[in-house]
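# Breakdown of the fold
Spelled out from the first residue to the last, the chains are:
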Amino acid sequence: MYIRRDSLKDVGLFDVENFGKGYGEENDFCQRAEDAGWRNLHLLDTFVLHTGGVSFGDSKSPRERAAMEKLARLHPNYAHDVHRFVQADPARPYRLALDLARIRDAGLPVILTVLHDRAGGTVRHVRELAEHLSDKAVFLILTPYANKCVALRMAGENEGFELTFKIAEQFEDLLNVLRQLHVSHVHYHHLLGHDKHVRDIPALLNVSYDFTAHDFYSYCTYITITGEENRYQGEISPGQCKCCTPDMPAPLEGNVARWRGANARFLSAARTVLTPSRDTARRIIGFAPAANVHAVQHTDIDTSVPLPDPSPQPIKDDRPLRIVVLGALSAIKGADVLETVAIEAARQDAPVEFHLLGYGYRHLLSQPKAALSVHGAYKEEDLPRLLAWLKPDLIWFPAQWPETYSYTLSAALQAGLPVVVPDIGPLRNAWSIAHGPGFTTGIATPGNGSTSSNRCAKRTSFRPLHRFSIWHSPTRPMRSKRPTPSAGPIRTTTSATCPHRRNRPKTARRSSVTTYCSSCPSAHTAARRRRAFSACWSTCARSRC
């Protein structure tokens, strides 16, 4: 703080009697100066680094509390004035100008990342990717905002840069800002909550774009192929979920059929479609065959360092089997299943105890009504220490959908702990590739006769897995064998000869027309390859084509 000599003579020195050594004396001086007619100015061309808490160490908090009480007594309007200043934030335009200069002067390509406004692994991946490539590019994040707006931010967790735009009225302003920042590429990580105009940004900026599929929102309006029952509903074929019918309402496009068609065209026109697992790549290829799909693992596991082999410890002294579940559990992540199994374990007085390192989407019954202890939220950096403290016999992942990636599974693998994973999706592949045969739990689907989480728990079965060949190899990405599409849109076509066409439209390149029944796509696809369409008459189990 800089004080003019004549001001110091007029107002007086710091109030040592009330504040002494420590906190609040400069606040008091500024209030007295303002009362005496002097102005407090914010010097915007000077950078001051404040290393908090260093001057007074552990005694800072008591000094702060005492100082605030004295300021409130001596200057009753102090808190109101501070709040008014923070709300007005007159320095904000200058901070934004400084951030814009930082972005432009970095001399690096600028990548716009399009993301949803929710928390979770997708946000973590985007930030890890930005940090991983911080010496190669500057990352901006575009997310949905209140009142049909979007917010533009820098990717760093501690960055304060933020601009908001109302899409209906300020979309052109957003494009102008992106042009001024020299955005050279767009990376879509999620379109949930975004207006359809956001899809047009690459074309309007004349730049390329990539797409990462973190879930199945491209073809499933429920995002996770779980429907309203919060458990895996299965797929008619890869890329065609059973929980969404073509005439169901869908975001932006009116119904599911048009929405899927728009998403398939969008993925097919992308430079690259990335997936965090081979299982997800297989499903996305089934949905958008013309897309250039690559399976690339996230950056949380260093593939150059071998993972430790699990070392299960023998259970001694008749102690119960200790099973740990990790993370924030929603219904589709298995919160209801965990509670049901824990209640059943308590009812049978089984020698097993469950621990949830995290929390559920609702209150979960715990001891003594259920063999479950809920430990609450944790910080990522504390997880290894917490696992070492609990000493679990195994880690259970009760997810009810084919999760595309799991950071908590990565933590379990890095800790060298045995795991139990669902028998759907990439989690079983990740374990078997890292360590060979393991154990999986059966997932209840409409096709296996289970209709509730209780029956799902009772039907739980364990079986060994087969070994897979690729998971941690970044040099052998899975990719579509179909060629990258040339210019030319993908369109939805129908066939008058097949009654199922009204139920499930297919997508095809302009140069080819789909003429086979979607109720048995594998049989008809094979028949089409053999140019023997008559074969479908005997292979279609539902109808004649």
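All of the points below concern the structure found in this document. (Residues numbered from 1 in each chain as written. Predicted model: local features only at pLDDT ≥ 70, side-chain atom pairs only at ≥ 80, totals over all residues. Heavy atoms only, no water.)

Turning to the overall build of the chain, a few remarks are in order. A count of helical and extended segments in the chain gives 18 helices and 22 strands. Looking at the chain as a whole, 48% of its 545 residues qualify as buried. Taking contacts inside the chain between residues at least 6 apart in sequence as the whole, the part at least 24 apart equals 60%. When the accessible surface of the chain is summed, it comes to about 29,400 Å², and 52% of that surface belongs to carbon and sulfur atoms. (Helix = DSSP H or I, 4+ residues; strand = E, 2+ residues; numbered from the N terminus. Buried < 20%, exposed > 50% of the residue type's maximum accessible area, 1.4 Å probe, protein only. Contact = heavy atoms within 4.5 Å. Areas by Shrake-Rupley, 256 points an atom, 1.4 Å probe, with all protein chains shown as cover.)

This part covers the nonpolar core. Judged by nonpolar contacts, the single largest core of 63 residues is most densely connected at Leu112, Leu140, Leu152, Tyr188, Ile201 and Leu267. Broken down by element, the residue count for this core peaks at 6 residues, all from helix α8 (residues 167–180). Contacts of Leu140, omitting those with residues within four sequence positions, involve Ile103, Val110, Ile111, Leu112, Thr113, Leu152, Arg153, Met154, Leu181 and Val183. (Core = buried A, V, L, I, M, F, W, Y, C linked by side-chain atoms within 4.5 Å.)

Applying the stated criterion across every chain, the model contains 24 salt bridges. In this structure, the salt-bridge partner of Arg319 is Asp393, at a minimum N-O distance of 2.7 Å. Remark: Asp393 occurs in the loop between α13 (383–390) and β16 (394–396) and Arg319 occurs in the loop between β12 (293–295) and β13 (321–329); sequence separation between them is 74 residues. Judged by its relative accessible area of 25%, Arg319 is partly exposed. Among the residues examined, Asp393 registers a relative accessible area of 10% and is labelled buried. For Arg385, the salt bridge identified is with Asp382, shortest N-O distance 4.0 Å. One network of salt bridges, with partners in common, ties together Glu235, Asp279, Arg282 and Arg283. (Salt bridge = Lys/Arg side-chain N within 4 Å of Asp/Glu carboxyl O.)

In this model helix α7 (residues 121–132) runs 16 Å from its N-terminal to its C-terminal C-alpha over 12 residues, within 8% of the 16 Å that 1.5 Å per residue would give. Where α7 is concerned, the buried positions are Thr122, Val123, His125, Val126, Glu128, Leu129 and Ala130. Against the buried residues of α7 lie β1 (110–114), β2 (138–145), β5 (183–188) and α14 (407–414). (Expected span 1.5 Å × (residues − 1).)

This brings us to the packing of aromatic side chains. With the rule as written, the count across this model stands at 11 aromatic pairs. Arranged with centres 5.5 Å apart and planes meeting at 75 degrees, the rings of Tyr405 and Tyr407 form a pair that is edge-to-face. A single burial state applies to Tyr405 and to Tyr407, both of which are buried. Taken together, the aromatic side chains of Tyr188, Tyr209, Phe211 and Phe266 make up a single cluster linked through ring pairs. (Phe/Tyr/Trp six-rings, centres within 6.5 Å; stacked < 30°, edge-to-face > 60°.)

A word on a nonpolar patch on the surface. On the surface, Met1, Phe14 and Val16 cluster together to form a nonpolar patch covering roughly 330 Å² of accessible area. Topologically, Met1 is positioned in the segment before α1 (5–11). For Met1, a relative accessible area of 65% gives the class exposed. (Patch = residues over 30% accessible without salt bridge, like charges linked within 9 Å, V, L, I, M, F, W, Y side chains within 5 Å.)

Within the element layout of this structure, Arg260 appears in helix α10 (residues 256–268). Only 3.5 Å separates the side chain of Arg260 from the backbone oxygen of Cys244, close enough to count as a polar contact. (Polar contact = N/O pair within 3.5 Å; in protein donor to acceptor, adjacent residues only side chain to side chain.)

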